[in-house]
Amino acid sequence: MSKTVSNKDNLQILHEDNHIIVVNKRVGDIVQGDKTGDKPLSEVAKEYIKDKYNKPGEVFLGVVHRLDRPTTGIVVFARTSKALTRLNELFANRETQKTYWAVVKNKPPKDEDNLVHYLKRNEKNNTSKAHIKEVPESKKASLDYKIIKTLDNYFVLEINLHTGRHHQIRAQLAAIGCPIKGDLKYGFDRSNPDGGIHLHARKLIFIHPVSKETLEIVANIPNEVIWKLI
């Protein structure tokens, strides 16, 4: 199991080698540049690599996957083009095991269950709606969840993804009456003070694109009041 090896300049590094760098994303960080113009995590990681290894010129860093801005947890970047190509294939073919933790206020209908919905994305308001049956332009979404801790006012769920759809966990949990804490977009009644939501990419298991060893990365939960109760 990988350990945090650095926390330089607010970049919490979970794993680093010649081919990949894995970081623990904080609330509000964007993985890749967007219309906001805010500095993305990819640029912060590039600067870290350039500084640490005293690299001249432009540093190569490939974005393999993304997390929503209000979400926290594991993000993988490729440091070489070979690693990027292979990681893109791994993620595209679902040859990864992704585990998330989520905090919800309402108890799910079952302590553990497999959820299957058909998600239809609304580009205008950047949401996805979960339907029980297939509708035009929808995509099948599947996940497993189980309650792993009961707090005074909340329930902590562990979620394993089987598909990788837009806002999948947020939309599917909202569909069973369990919007994630702080997620106004999907029906939670109030926002979190930091603007984030209580959804954390906790664990990722995948085959290293070059060494072929199995990597199991675990990201510490945020230093926040509710998370600290877990």
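That block above? That's the structure.
Residues numbered from 1 in each chain as written. Predicted model: local features only at pLDDT ≥ 70, side-chain atom pairs only at ≥ 80, totals over all residues. Heavy atoms only, no water.

## Examining the overall build of the protein
Rule in force here: The secondary structure listing takes helices from DSSP runs of H or I that are at least 4 residues long and strands from runs of E that are at least 2 residues long, numbered from the N terminus. Values of the radius of gyration come from C-alpha atoms, whereas the globule rule sets the reference at 2.2 Å times the count of residues to the power 0.38.
The number of helices and strands found in the protein is 3 helices and 11 strands. Reading the protein from its N end, one meets helices and strands in the order β-β-α-β-β-α-β-β-β-β-β-α-β-β. Relative to a compact globule of 230 residues, whose C-alpha radius of gyration would be 17 Å, the protein shows 18 Å and is just as compact. Considering only C-alpha atoms, the protein reaches an extent of 55 × 40 × 35 Å along its principal axes.

## Some thoughts on the pattern of salt bridges
Stated precisely, the cut-off is as follows: Note on definitions: salt bridges are taken to be side-chain nitrogens of Lys or Arg within 4 Å of carboxyl oxygens of Asp or Glu. For every residue, the accessible area obtained with a 1.4 Å probe (protein chains only) is divided by the maximum for its type, and the residue is called buried under 20%, exposed over 50%, and partly exposed between those limits.
Scanning all chains against the criterion turns up 14 salt bridges. R69 is the salt-bridge partner of D38, the closest N and O atoms lying 2.6 Å from each other. In this pair, D38 sits in the loop between β2 (20–25) and α1 (41–52) while R69 sits in the loop between β3 (62–63) and β4 (72–78), placing the two residues 31 residues apart along the sequence. By relative accessible area, which is 34% here, D38 ends up partly exposed. Judged by relative accessible area, R69 falls into the partly exposed class, the value being 32%. In this structure, the salt-bridge partner of D111 is K107, at a minimum N-O distance of 3.7 Å. Overall, K107 belongs to the partly exposed group, its relative accessible area being 48%. Look at the salt bridges and you will find they share partners, linking E43, K46 and E58 into a network.

## Some remarks on the side chain of T127
What counts, and what does not: By the criterion applied in these results, polar contacts are pairs of N or O atoms within 3.5 Å in which, for protein atoms, one can donate a hydrogen and the other can accept it, and in which residues neighboring in sequence qualify only through two side-chain atoms. We call two residues in contact when some of their heavy atoms are within 4.5 Å.
Examined against the element boundaries, T127 turns out to sit in strand β7 (residues 127–131). Among the polar contacts listed, one links the side chain of T127 to the side chain of N125, at a separation of 2.6 Å. Those residues in contact with T127, other than ones at most four positions away along the chain, are K120, R121, N122, H166, H167, K185 and Y186.

## What to know about helix α2 (residues 81–92)
Filter applied, for reference: One less than the number of residues in a helix, times 1.5 Å, gives the span that helix is expected to have. Directions drawn from the helix axis to the C-beta atoms are what define this arc.
Look at α2: 16 Å from first C-alpha to last across 12 residues, which is about the 16 Å you get at 1.5 Å a residue. Here α2 has its buried residues at A83, L84, L87, L90 and F91. Along the axis of α2, the buried positions cluster into a sector of 125°, meaning they face one direction only. Summarising the contacts, the buried residues of α2 are in contact with β2, β3, β4, β5 (97–104) and β10 (199–207). Just downstream of α2, R94 is the residue with a positive phi angle, here 60°.

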